[in-house]
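# Fold and geometry: a report
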Amino acid sequence: MELSQRTLKITQLGLLLALLAGLYGVAQSYHGERAQIRQSAVTLTPGCEAKLSDYGLKPGDVYISPYIEQKTGQQVVRQGYSAEDVRAIERGCNIIDDLQGQHAEDNRLERWNSTRFVRGNQTSCDHCHQGIGDKQNPDGEPQIGSLSLGASWVMADMYDRFTGILLPYELRQMQCYINSSNGFKPNIADDLIGDVTAYSRFLSAALDLRIGNRYPEQGIDEVTASMTDKRGDDYVRGQSLYRDKCAQCHGQQGLGTLVDKQVLFPAVAGPDAFNLQSRNNFSFVSTILPGFICRNMPLGQEGTLEPQECRDIAFYISNLPRPAGDKQGPLAAAWQQVMMFVMPPLVAAVENFHANKP
């Protein structure tokens, strides 16, 4: 009997060791594949190809920005980039421009592992960080309040008034995946985070932005209630403005516009939108969304909306059904799921009824 138990324990130990060896082999294989992908040439999106070419990105001992040279007539010499640095910058640009690899021939190779951390099928960094994180006006000047990644990177750590802590640049990216993408948190050391940081750092060099400084294009100039005529935020006014100014792109119910399964305009409500925990969600403490609308919307007509109009639109959008955040509990999550399922067809039915009334 003792011999049988001993044999059983040895067998169990052997199986456990075999399992661990198998997992180690899988991890090693995955690690080798990652290393091989990082050595491979990067297929750029058309937007990244044009932007990085304009900024003169190529391997070399020194880097001189053509943008700064053209603007000032002077050459600002900075430390250059290795071939590995260039590939990291290129991957970072691709992630910002096309997070989910919807325009990639081989998403796994061209967007690396970014899709593991997003939920839904419409999120892209470029929807908030427009211009692939480098939005400029027709004169080639960085646009104020455009969430520039280069200007954001040179701020280094940022004080977060919502959490009361200093957020390093990498942690700020992780929050984007959790809330703006309603997805999952990458590891702070993940290649994904490093590549976006490399791209942001390159933009700061291309635009000659200096570490520790603040720039107008760094973030969003929020629109608070005190900046309006204090009529108060109004759902009905917001709905009317949304249908007049926004619905053509984002859809009547904010569910976004897809053509051939490619995102033409992102969802601002429903399961593919940012969640209730996102700073994009308009609330008493977060007035980022109206600031973003005033500065960046409607596309091609930026700056045409009054502060009160931006707040009304933000108020309306933020009352549309969207996913709950991971800190809001299972009941809130379940309620939001029901609302996202019920509300769109219900609203459409009511609108059709009124439209067809004699």
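Residues numbered from 1 in each chain as written. Predicted model: local features only at pLDDT ≥ 70, side-chain atom pairs only at ≥ 80, totals over all residues. Heavy atoms only, no water.

## Let's talk about a nonpolar patch on the surface
On the surface, a nonpolar cluster with roughly 590 Å² of combined accessible area is contributed by Leu13, Leu16, Leu17, Leu19, Leu20 and Leu23. Assignment of secondary structure puts Leu19 in helix α1 (residues 2–39). (Patch = residues over 30% accessible without salt bridge, like charges linked within 9 Å, V, L, I, M, F, W, Y side chains within 5 Å. Areas by Shrake-Rupley, 256 points an atom, 1.4 Å probe, with all protein chains shown as cover. Salt bridge = Lys/Arg side-chain N within 4 Å of Asp/Glu carboxyl O. Helix = DSSP H or I, 4+ residues; strand = E, 2+ residues; numbered from the N terminus.)

## Points about helix α10 (residues 235–245)
An α-helix turns once every 3.6 residues. As a result, residues three or four positions apart point the same way. Regarding α10, the residues found buried are Gly238, Leu241 and Tyr242. Each buried residue of α10 sits inside an arc of 105 degrees when the element is viewed along its axis, so together they form one side. Opposite its buried face, α10 presents the exposed residues Val236 and Asp244, each directed more than 90 degrees away. Next to the buried residues of α10 lie α11 (247–250) and α13 (307–318). One side-chain oxygen at the N-terminal end of α10 lies 2.8 Å from the backbone nitrogen of Val236; it belongs to Asp234. (Buried < 20%, exposed > 50% of the residue type's maximum accessible area, 1.4 Å probe, protein only. Arc of directions from axis to C-beta. Contact = heavy atoms within 4.5 Å. Polar contact = N/O pair within 3.5 Å; in protein donor to acceptor, adjacent residues only side chain to side chain.)

## Quick notes on the pattern of salt bridges
This structure, assessed with the given rule, holds 14 salt bridges. Here Glu141 ties to Lys71 by a salt bridge, and the two come within 3.1 Å at their closest N and O atoms. Of this pair, Glu141 sits in the loop between α6 (130–133) and α7 (149–153) while Lys71 sits in helix α3 (residues 66–72), and the two are 70 residues apart along the sequence. Look at Lys71 and you get partly exposed, because its relative accessible area is 38%. The residue Asp233 makes a salt bridge to Arg311 at a minimum N-O spacing of 2.8 Å. Of this pair, Asp233 sits in the loop between α9 (191–206) and α10 while Arg311 sits in helix α13; the two residues are 78 residues apart in sequence, bridging distant segments of the chain. The partly exposed category is assigned to Asp233, whose relative accessible area is 28%.

## Let's talk about the confidence of the model for the protein chain
Across the protein chain, the average pLDDT comes to 87, with 96% of residues at or above 70. Here strand β3 (residues 158–160) stands out as the least confident element of the protein chain, with mean pLDDT 68; strand β1 (residues 62–64) is the most confident, with 95. (pLDDT = per-residue confidence, 0-100.)

## Things to note about the nonpolar core
Core analysis: the biggest nonpolar cluster contains 36 residues, and Tyr55, Tyr81, Tyr177, Tyr199 and Phe202 have the highest contact counts within it. At the level of secondary structure, the elements contributing two or more residues to this core comprise α2 (46–54), α3, α4 (83–97), α7, α8 (169–180) and α9. With 8 residues, the single largest contributor to this core is α9. Ignoring sequence-local partners within four residues, the contact set of Tyr55 consists of Tyr63, Pro66, Tyr67, Asp134, Gln136, Phe202, Leu203, Ala206 and Leu207. Residues Leu147, Tyr242, Val268 and Met297 belong to the second largest nonpolar core, which totals 23 residues. (Core = buried A, V, L, I, M, F, W, Y, C linked by side-chain atoms within 4.5 Å.)

## What to know about the packing of helix α12 (residues 288–296) against α13
If you want to describe how two helices pack, look at the angle between their axes and the distance between the axes. Relative to each other, α12 and α13 sit at 125 degrees, their axes nearing to 8 Å. In this view, α12 runs oblique relative to α13, as classed from their interaxial angle. As α12 packs across α13, the resulting crossing turns out to be right-handed. Contacts from Leu289, Pro290, Ile293 and Cys294 in α12 reach Pro307, Cys310, Arg311, Ile313, Ala314, Ile317 and Ser318 in α13. (Axes fitted to C-alpha atoms, helices over the stretch in contact; angles between N-to-C directions. Parallel < 35°, antiparallel > 145°, perpendicular 65-115°, else oblique. Left-handed = near helix turned anticlockwise from the far one by under 90°.)

## Notes on the state of the cysteines
Considering all chains together, one arrives at 2 disulfides under this definition. The partner cysteine of Cys48 in its disulfide is Cys93, sulfur to sulfur 2.1 Å. On the sign convention where negative means left-handed, the S-S torsion of about -100 degrees between Cys48 and Cys93 marks this disulfide as left-handed. Of this pair, Cys48 sits in helix α2 while Cys93 sits in helix α4, and the two are 45 residues apart along the sequence. Take Cys48: its relative accessible area is 0%, and that puts it in the buried class. (Disulfide = S-S within 2.5 Å.)

## With respect to the side chain of Asn182
Looking at where Asn182 falls in the secondary structure, it is placed in the loop between α8 and α9. With a relative accessible area of 6%, Asn182 lands in the buried category. A distance of 3.2 Å separates a polar atom in the side chain of Asn182 from a polar atom in the side chain of Asn275. Leaving out residues up to four positions away in the same chain, Asn182 has contacts with Arg119, Tyr177, Pro271, Ala273, Asn275, Pro323 and Ala324.

## Considerations on the packing of aromatic side chains
What characterises a pair of aromatic rings is the spacing of the ring centres plus the angle enclosed by the ring planes. Under the defined criterion, the tally for this structure stands at 8 aromatic pairs. Judged by centre distance (5.0 Å) and plane angle (65 degrees), the ring pair of Tyr235 and Tyr316 falls under edge-to-face. Of this pair, Tyr235 sits in helix α10 while Tyr316 sits in helix α13, and the two are 81 residues apart along the sequence. Considering the side-chain rings of Tyr242 and Tyr316, the 5.4 Å spacing of their centres and the 45 degrees angle between planes classify their relative orientation as tilted. Separated by 74 residues along the polypeptide, Tyr242 in helix α10 and Tyr316 in helix α13 bring together distant segments of the chain. On the basis of relative accessible area, Tyr242 is assigned to the buried category, the value being 0%. Here a set of aromatic residues connected by ring pairs shows up, and it is made of Tyr55, Tyr63, Tyr67, Tyr81 and Phe202. (Phe/Tyr/Trp six-rings, centres within 6.5 Å; stacked < 30°, edge-to-face > 60°.)

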